[in-house]
Each structure stands twice: as C-alpha cells, then as structure tokens.
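In case you want the letters, here they are:
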Amino acid sequence: MLHNKIISNIFKKKNNLNSKDDMAEQLIDEHMNICNEDEETEYVLQELERKREKDTAYLQESDISKNYIDNAPAVKFANIVFSEALQKKASDIHFEPFELVVLIRFRVDGTMQEYRRISKASYHSICTRIKIMANMNIAEKRIPQDGKSIFQNSNKSYDFRVSALPTIYGEKLVIRILYKSELTGSQGDLDTIIDGDKNLNVLLNNTSGMVLITGPTGSGKSTTLYSMLKRLNNSEKNIITIEDPIEYEMFGINQVSLNLRAGLTFGSGLRCILRQDPDVIMIGEIRDEETAQIAVRAAITGHLVFSTLHTRDAPSSVNRLADMGVKNYLVGDALIAVIAQRLVRVICPHCKKGYKASVQQRNKLNLRVETLFKGNGCEKCSFTGYMGRRIVYEMMYLTPEHRRIIERKGSIEELRQCSINNGMVILKDYCAKLVKEGVTTYDEFSKISYIDQQV
C-alpha cells in the first residue's frame, strides 16, 4: 500500500538526517495528516457498511430530503473521493466493479493510479449517489447513461461529466473532471511557448484563415485552443465557439454547446454562427464533410477559424481534409498552420536523480554527455517519479511552397520535408531536447519516438 511506502521512506530519511530532527519531524507530521485522512475514509466506509440503505435504489431524488443527502455515508465517501481526485489534479475518476471488489482509480497526468478498493455492497449506495448527482435514472442499470453535475470544493466549482456503463459485475462509472476556473496541465507552459515561438505569434495576428490543432484524445488540444482564444479575447473581437461539450467558460466569448436531440450539430450551428458577424470562430472538432466544408469556406471568406483533428502529425491533416471532400486548392488557401501535439510527463523535482545513460539511449538522443534524469518516486508524486505534464509539439506553418505541394496533391512526406527545411522541429526531436534538458525521461521520449516511426 501507498502508506507503507511512505512510512518506509520517512524512516530511511530520518536515519540519514542525524542532527536534522526538525526535518524528520516535519516528514512525520505530513504522514500523520495523510493517515488521519485515511482513517476518516475508513470510518466512513465502515459506517456505510453498517447502514446499508436497501431502499435507496428505488427512491427518486425528490423523495430524499437534503438532510438525508448531507449525512448519508455514501455521500460522505463520494465527497472524500472527489476531493482526493481534485487534490491530485486527476482528469478522470473510475469506479470499476469486479467479482469481489470495486476498484477506484484516478487518471493523473495521463496515467491510471489505483486509489483504493471497496466492497460490492458499499458500492451499491455510492453508485446510486453519483447517479442522483448527475440527474441519471437510478433504476436503469441495463443501458449506458450520461449525466453531468457541479461539485463545489474549497470555494471552487468543477463540472463533472458522468458516464455509466453496464458490465458483467455491475455499472462502471467514469467521471470526467472539467476544471472550469483554470486551464490545467500546460497553460503556463503554452504561454511560454507562444511568447517564444515567432510563428505562433504571427498566426495569432492573422485576421482570416484556419489553424488546426491535431493529436490523439488526451493530448491537450482543448487547452491549446482555449489558450489561444484567451490571447485573442478583447473588446474589439467577436469570438464565437461551438463545442461538445463546453469545457471552460470564458467571459467575453460566446460559447455554443451542441444539442443533437434538438438538431444543433457542428454543421447547422456553424452556418448560424456565420450570420452572427464573427471575427474568430472556434469549432471543437471537425468530424464530418459538412463541418469541414463550411469551416474551410469560412476561413477563406475573412474569418479566423480554430479547430481540431485527430491525426498523428501536422502534414497528415492535409490528407484528412481532402478525405472529407475538401478540394486541395481550398485547403491550400485556407490553412495558415497546423500544430500537432502530445503531452509528456515531467520529472518530479522532489525525487529527480541523474543516472548514466546506456549506449542505446546516447545513440537515440545523440547525446554528448552521459547523464540523463528520472524520478525515483516519493510521497509528493505518489511514487510515480512524475509531477505534471507539458506540451511537445510540431508546427507546420504554411509557406507558398507548401501551398504548391498541396495544390498538386503532393505526398505527406513532401510536406514534412518542406516543413523541416523551413525550420519545423518534429515531435520526436522536440521531446529529445526535453530529455537532454532533464525535463522529462527517456521512457516518455520512447512513446513519442514510436508514434513517429508509425507515420
């Protein structure tokens, strides 16, 4: 268990401190606080076992008094889990029922971490509580459901998107946490990149054209989009977004959420937005031919358009738009730049240690020195060796040469080579630079390098 590791780590440090007893006492105090929180969690779980609410599953929200809700053990335990997840900056909370136990895991910095295990009997009430919060049908357990809720913690509000999926051992719940009041992850890092990259500054000064952010799910595309909109947001511009869902609310920006049941799609919403006199348009994702066609024509006719695509690298986005039926000459006219990005984990500064790089690592990274860095794991990083993430990106800024290649339907490799000749640093090389600087690890570089080899 985590606390056993913490105890072991504390006494190792204390033995090495000798005269530094104050620091040892501070470490023990920190651990005692964690233990107290853990004892409270265990107490609530025991209370939940003792006061199993057999009739909860058959009650609707209107039948349950506020006093009952506030004092029910299931509510207390759920709130503890939510608070722990927020403290760790988790993006998702997973409740996973299996034959004998229910596993609770957090996704932190893109990686799943086990939080604790609870009994199936306790989970029954907790699952019901979460579904009530999200305005879901608590009597329906046979089909998938989606819901949403707002959770208040430390005077801040967080949007919870809840998904329920029936499995063979019960309903699996996943809660996506949207940090409304702050752009988490790499906001500050992106600000630094924008300030330091002349091409990024140039593209934000454009008044028309299209900027695409590409990458897989969870690569920080939304954060990048919002960061750019934040830079553009002023009283002189009319900025309108259409999203599914709205992840961050921004004052001064008109945000539209999709409503498929009412017929509000990206395509229909975008057509309406064009009649709203916009200067800047942000489309959450280009998913189909209709959206792609309207977005490209909006970019050509005097609007600055931002959107996302799912492609492995920057040059591949040209082919993706062509596959959606957009003519190559229109793609060439509309595109200003394509940014392909990933998120890599940052080495924990509290347990960062140097080590001698292997021959293979030196060759892959073209190292002139032999030392690389990694995190040994400590209580501050939950023994992962990492704390936080940052952006790794490549930016294809279109030149007349790029446009000629696109118009004559040149290959992706031609576009990539043209971009490199014009100064683009590919994803793999950008990540290698961060490894050499001791920001991230060789393992994180290996993930980026593998993706790059598949292109």
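Residues numbered from 1 in each chain as written. Predicted model: local features only at pLDDT ≥ 70, side-chain atom pairs only at ≥ 80, totals over all residues. Heavy atoms only, no water.

1. Details of the overall build of the chain
The test is simple: To qualify as a helix, a DSSP run of H or I must reach at least 4 residues; to qualify as a strand, a run of E must reach at least 2; elements of each kind are numbered from the N terminus. When a residue's accessible area, from a 1.4 Å probe over protein chains only, is under 20% of the maximum for its type it is buried; when over 50% it is exposed; and in between it is partly exposed. A contact between two residues is defined here by any heavy atoms of the two lying within 4.5 Å. Only the protein chains shown count as cover for residues, with accessible areas throughout obtained via the Shrake-Rupley method and a probe of 1.4 Å.
What the chain contains, in helices and strands, is 17 helices and 15 strands. With 455 residues in all, the chain has 48% of them scored as buried. For the chain, contacts bridging at least 24 residues in sequence account for 63% of all contacts bridging at least 6. Surface exposure of the chain reaches about 23000 Å², of which carbon and sulfur atoms provide 48%.

2. Quick look at the side chain of S227
Filter applied, for reference: Here a polar contact is recorded for every N or O atom pair within 3.5 Å, except that within protein the pair must consist of a potential hydrogen donor and a potential acceptor, and residues adjacent in sequence are included only if both atoms are side-chain atoms.
Tracing the sequence through the fold places S227 in helix α8 (residues 221-232). A distance of 2.8 Å separates the side chain of S227 from the backbone oxygen of T223, its partner in a polar contact.

3. As for helix α9 (residues 266-273)
Because an α-helix packs 3.6 residues into every turn, residues spaced three or four apart end up facing the same way. Where we set the bar: The arc in question is the one spanned by the directions pointing from the helix axis to the C-beta atoms.
Regarding α9, the residues found buried are F266, G267, G269, L270 and I273. The arc that holds every buried residue of α9, seen down its axis, measures 165 degrees, which confines them to one face. Packing partners of the buried residues in α9 comprise β8 (239-243), β10 (280-283) and α10 (289-300).

4. A few points about the sheet that holds strand β9 (residues 254-257)
As a reminder, the rule being used: What makes two strands pair is DSSP finding at least two bridges between them. Lines fitted to C-alpha atoms define the axes, with helix axes restricted to the stretch in contact, and inter-axis angles between N-to-C directions lie between 0 and 180 degrees.
Pairing is mixed in the open sheet, where 7 strands are placed in the order β9-β8-β10-β11-β7-β12-β15. Two strands in the sheet have a free side with no partner beyond their single neighbour: β9 and β15 (386-397). Pairwise comparison of adjacent strand axes, ignoring direction, gives a mean angle of 20 degrees for this sheet. On top of the sheet, α8 reaches β7 (209-214), β8, β9, β10, β11 (304-309), β12 (335-347) and β15; it is set at about 170 degrees to β11, its chief contact.

5. Remarks on a nonpolar patch on the surface
In plain terms, the rule: By definition, no residue in a patch forms a salt bridge, and every one has over 30% relative accessible area; like charges are joined within 9 Å, nonpolar side chains (Val, Leu, Ile, Met, Phe, Trp, Tyr) within 5 Å. Should a side-chain nitrogen of Lys or Arg be within 4 Å of a carboxyl oxygen of Asp or Glu, the pair is scored as a salt bridge.
Judged by side-chain polarity, F98, L100, V101, I168 and Y169 come together as a nonpolar surface patch covering roughly 530 Å² of accessible area. Looking at where I168 falls in the secondary structure, it is placed in the loop between β5 (156-167) and β6 (170-178).

6. As for the nonpolar core
Counted only if it meets this: Definition used in this section: a nonpolar core is a set of buried Ala, Val, Leu, Ile, Met, Phe, Trp, Tyr and Cys residues joined via side-chain atoms within 4.5 Å.
In terms of nonpolar packing, the biggest core is built from 40 residues, with L203, F306 and L365 touching the most fellow members. Looking at this core element by element, the count peaks at 6 residues for helix α16 (residues 427-436). L365 has contacts with L372, A432, V435, K436, Y442 and F445, leaving out every residue within four places of it along the chain. Of all hydrophobic cores here, the second largest spans 38 residues; its members include L270, A314, I406 and L415.

All quantities given are derived from atomic positions and should not be read as evidence of function.
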